[in-house]
Amino acid sequence: MPRFDTVIVNGLVVTAADSAYYNIGIKDGKIEALAREFSSADLEGCEIIDAEGAYVMPGGIDGHVHLCQDLKTGPNKLGGRCSDNFETGSRSAAAGGTTTMVNFASQDRLDEADRSLIGVVQRYAARAQSTGSYIDYAFHVIITRNDPDVLQSELPVLVKEWGITSCKLFMTYDTMRLTDRQLLDVMVAARKNSVTTLIHAENGDAIEWLTEQLEARDMIAPYYHALSRPPLIEAEASNRAIALAQLVQNPILFVHIGSPMAAQNVREAQSRGLPIYAETCPQYFNLTWQDLKRFHSPTCFENSKMICSPPPPAEKNDHEALQRYLANGTFTIWSSDHCPFRYDDPDGKPAGVLEHAGSMQGESGDGHNPAAPCTSVYHEVPKEDLSRLLARKMGHFKHVPNGIPGVETRLPLLFSQGLLTGLISPSRFVELTSTNPAKLYGMYPQKGCLMPGSDADLVIWHPQATFKPFALSNSHLHHNVDYTPYEGQTLSNWPRYTMVRGKLIWSNGKIVGQLSHGNFVKRGPNSLHQRPQPFGTDLRNVATWL
Ligand code: DUC
Ligand code: ZN
Ligand code: ZN
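Per an unreviewed UniProt entry, the recorded name for the protein chain is dihydropyrimidinase, and the organism is Pseudomicrostroma glucosiphilum. Taken directly from UniProt, the Catalytic activity (unreviewed entry) text for the protein chain runs: "5,6-dihydrouracil + H2O = 3-(carbamoylamino)propanoate + H(+)". In UniProt, the protein chain has this text filed under Sequence similarities (unreviewed entry): "Belongs to the metallo-dependent hydrolases superfamily. Hydantoinase/dihydropyrimidinase family."

Structure, rendered in structure tokens:
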């Protein structure tokens, strides 16, 4: 009986702590041993993968992926039809070096059937099972209501039986946002159940007010999406969320931080010893407001391809400021926020044209109809008509589905722009892309490291000396989206092998794995967070013992 199934030789093994030349022996999907060199007897009968001196790292963990998410369309809603399912999304993730993704199971506040969070999770789990997944996956639950009975009875079940130990709360979007008191309700329930709370921090009232001001001046082209969300929108909301979290002593993670002002709030809270964590994403280091005018004319609706929320920062100087927070440890994780909408799908980006046209025929006739109903009924528009509509009609940014794709480019962009430039060390790269997400989301040390006993989830890069930099094109990618926001970017390396629990899924430019291989990951509590001392009798901590 061979000692190992597979051995990786000649790799520069990088963990969140250090880097060294090791061989890695894998047995039954787990890391069995690391050694400077295995004996020839040890190597007998096993498959050998020669890393040829390249980096070997724990597989990427993307803590922020939207697949099969049905989103209601309508003004100021997070609308649209996600174009990737678990098959296409996991294929794209694997091709980009990701071995585990955490997706969202979203509670629809307008649907009474979604009152049960367990029901919501079951619905999304069935979607994953219906196609299968090439890589391992888990779910965060998006909570859009504060029903006390549901929080009290269902959160413990989600944690114990499903291993769902994180929830996302919104401070914006009509149909998703919680008021401050509702945020407090859910944060307390989360704290009691050790559920990590993710916060989308944007001030919804201020966005709606600014949107009305802009549309009164006919400023509705995609570019004005950014102006409806200037950096203060995120700065105010993150500041408020930090205060609320401190009030009830609940650790929080800010998702998709896109502005230096909000990052500074996080930094300041961390320096006060508060358990405040932050995620950032490639769009905030690669795009600016100018990209919302990139296509054809500044008002061309095609610029909606670049709409995401929060928007990219205003200018390149902001990228440099954000890079400092990446290097100095303020950001905890690097995720994609892969939220895929197609430009040739009437329920993708074109919803911004179709919904606007619909609302112009509404009662108010001014394009702003706050009572416009939400729909999840998809638009029936033949392809030829759609391109004619897109060419002719004006769209409104407030109806455009918010999101851009990026699950496949997440690691390669940071590798080229962060690791190879020396902005971050190889270990910090691993920490941001794998180890910290594993710890934060309760998967460590099963995932996110290369210890004996851990899942053999690995990404092996190309040997740097032999890799020819190339200009990225959407045709290289494996998602079901008809564009990439990073078209033309130069990339100086790409994952050569992606291995999930000992099986190669991606090898030398080809998907070689099985859709049935990906498993649902039952997660434990956040292990980044040190449990605080008991609160004692300090009356200023009133909300913690009430
Ligand atoms: N929030 C996300 O997490 N993704 C897409 C858009 C949004 O508002
Ligand atoms: Zn969000
Ligand atoms: Zn998202």
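### Digging into the nonpolar core
Residues Phe254, Phe331 and Phe429 are the most contacted members of the largest nonpolar core, which totals 109 residues. Among the elements that take part in this core, helix 3 (residues 117–131) stands out by supplying seven residues, more than any other. When residues no more than four places from it in sequence are discounted, the contact partners of Phe254 are Ile199, Ala201, Ser238, Ala241, Ile242, Val266, Ile276, Tyr277, Ala278 and Glu279. Ranked by size, the runner-up nonpolar core spans 23 residues in total, among them Phe170, Ile333, Ala438 and Met443.

### A short note on the coordination of the zinc ion (ligand 2)
Here the zinc ion (ligand 2) is held by Lys168 (NZ), His200 (ND1) and His256 (NE2), and the distances to it run 2.1 to 2.2 Å. Positions of the donor residues of the zinc ion (ligand 2), expressed as sequence spacing, correspond to K-x31-H-x55-H. The distance between the zinc ion (ligand 2) and the zinc ion (ligand 3) comes to 4.4 Å. With a gap of 32 residues between them, Lys168 in strand 11 (residues 166–170) and His200 in strand 12 (residues 196–200) connect regions that are remote in the sequence. In this structure Lys168 comes out as buried when scored by relative accessible area, which is 2%. Classification of His200 by relative accessible area gives buried; the value is 2%.

### What to know about the coordination of the zinc ion (ligand 3)
The coordination sphere of the zinc ion (ligand 3), as far as protein atoms go, consists of His64 (NE2), His66 (NE2) and Asp337 (OD), spread over 1.9 to 2.1 Å. The motif formed by the donor residues of the zinc ion (ligand 3), counted along the single chain, is H-x1-H-x270-D.

### Focus on the UniProt feature "modified residue: N6-carboxylysine" (unreviewed entry) in the protein chain
The sites that UniProt annotates as "modified residue: N6-carboxylysine" (unreviewed entry) are Lys168. When near neighbours in sequence (up to four residues on either side) are disregarded, Lys168 contacts His64, Phe104, Val141, Ile142, Ile143, Leu198, His200, Val255 and His256.

### Topic: the sheet that holds strand 9 (residues 98–106)
Pairing between the strands of a sheet is mediated by backbone hydrogen bonds and can be parallel or antiparallel. Taking strand neighbours across the sheet as the criterion, the eight strands line up as 6-9-10-11-12-13-14-15 in an open arrangement whose pairing is parallel. With partners counted over all chains shown, the strands left at the sheet margins are strand 6 (60–65) and strand 15 (333–334), one partner each.

### Re the site of ligand 1
His64, His66, Leu78, Lys168, Tyr173, His200, His256, Ser309, Asp337, Cys339 and Asn402 make up every residue found near ligand 1. Within the side chain of His64, one N or O atom sits 2.9 Å away from an oxygen atom of ligand 1. At a separation of 3.3 Å, an oxygen atom of ligand 1 approaches a polar side-chain atom of His256. In isolation ligand 1 exposes 230 Å². Once the protein is present, 100% of that is buried.

What counts and what doesn't
Every chain is numbered independently, its residues counted from 1 as its sequence is written. Here the convention is simple: chains get letters from A, ligands get numbers from 1, in the order in which they are written. Totals for whole chains, interfaces and linings use all residues, but because this is a predicted model, local features are given only for residues with pLDDT of at least 70 and pairs of side-chain atoms are given and counted only at 80 or more. With hydrogens and water excluded, all non-hydrogen atoms of the structure serve as input to the side-chain values. UniProt positions are given in the numbering used here, feature names are shortened, and annotations may be inferred rather than shown by experiment. Only buried residues count toward a nonpolar core. Its members are Ala, Val, Leu, Ile, Met, Phe, Trp, Tyr and Cys residues joined through side-chain atoms within 4.5 Å. Accessibility here uses a 1.4 Å probe with only protein chains present; expressed as a share of the type maximum, an area under 20% marks a residue as buried, one over 50% as exposed, and anything in between as partly exposed. Elements are defined by DSSP. Helices are runs of H or I of four residues or more, strands are runs of E of two residues or more, and each kind is numbered from the N terminus. Between two residues, a contact is recorded if the distance between any of their heavy atoms is within 4.5 Å. We call an atom a donor if it is N, O or S and sits within 2.8 Å of the metal, or 3.2 Å for Na, K and Ca. Water is not counted, so some sites may look partial. Being paired, for any two strands, means DSSP has found at least two bridges between them. The near set for a molecule or strand comprises every residue that places at least one heavy atom within 4 Å of it. Whenever two N or O atoms come within 3.5 Å, that pair is a polar contact, provided that in protein one can donate a hydrogen and the other can accept it, and provided that, for residues adjacent in sequence, both atoms are side-chain atoms. Methods summary: accessible areas were calculated by the Shrake-Rupley approach with a probe of 1.4 Å, and residue burial reflects only the protein chains presented.

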